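Inside the fold
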Amino acid sequence: MVGDDVGATGASLKAKGVEIVTEPQEAPWQPGRTVAEFRDSEGNRMMLASR
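Note that the structure is predicted; figures quoted are calculated from it, not measured.

Moving on, we get to the environment of Ala-8. Turning to its location among the elements, Ala-8 is positioned in helix H1 (residues 6–15). Note on Ala-8: relative accessible area 43%, which makes it partly exposed. Counting along the chain gives 42 residues from Ala-8 to Ser-50, while the straight-line C-alpha distance between them is 11 Å.

Here it is, written out as structure tokens:
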């Protein structure tokens, strides 16, 4: 999932009870890009990333 505000999207998901695996942080492989990980309803790890 790619969006403009990873922090806000992550906070919104967390407020709805979604498990955030990795809080928003700068991607080590691409400086300037913010990423976060969460688990979907089936337990799969999914990633949020800034544009």
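Having put the structure on the table, let's press on.
The biggest cluster of nonpolar side chains holds 6 residues, and these are Val-6, Leu-13, Ile-20, Ala-36, Phe-38 and Leu-48. Among the secondary structure elements, those contributing two or more residues to this core are H1 and strand E3 (34–39). Excluding its chain neighbours within four sequence positions, the residues that come into contact with Val-6 are Pro-24, Thr-34, Val-35, Ala-36, Leu-48, Ala-49 and Ser-50.

Looking now at the sheet that holds strand E4 (residues 45–50). Within the open sheet, the 4 strands sit side by side as E1-E4-E3-E2. Their pairing is mixed. On the outer flanks of this sheet lie strand E1 (2–3) and strand E2 (20–26), each paired with one strand and no other.

Along the chain, the position of Thr-22 falls in strand E2. A relative accessible area of 19% places Thr-22 in the buried class. Leave out the neighbours within four places in its chain, and Thr-22 touches Ala-36, Glu-37 and Arg-45.

The next point concerns the confidence of the model for the protein. Model confidence for the protein is summarised by a mean pLDDT of 93, while 100% of its residues fall at 70 or above. Within the protein, E1 has the poorest average pLDDT of any element, 82, and E3 the best, 96.

What counts and what doesn't
- Residues numbered from 1 in each chain as written.
- Predicted model: local features only at pLDDT ≥ 70, side-chain atom pairs only at ≥ 80, totals over all residues.
- Heavy atoms only, no water.
- Helix = DSSP H or I, 4+ residues; strand = E, 2+ residues; numbered from the N terminus.
- Buried < 20%, exposed > 50% of the residue type's maximum accessible area, 1.4 Å probe, protein only.
- Core = buried A, V, L, I, M, F, W, Y, C linked by side-chain atoms within 4.5 Å.
- Contact = heavy atoms within 4.5 Å.
- Pairing = 2+ DSSP bridges.
- pLDDT = per-residue confidence, 0-100.

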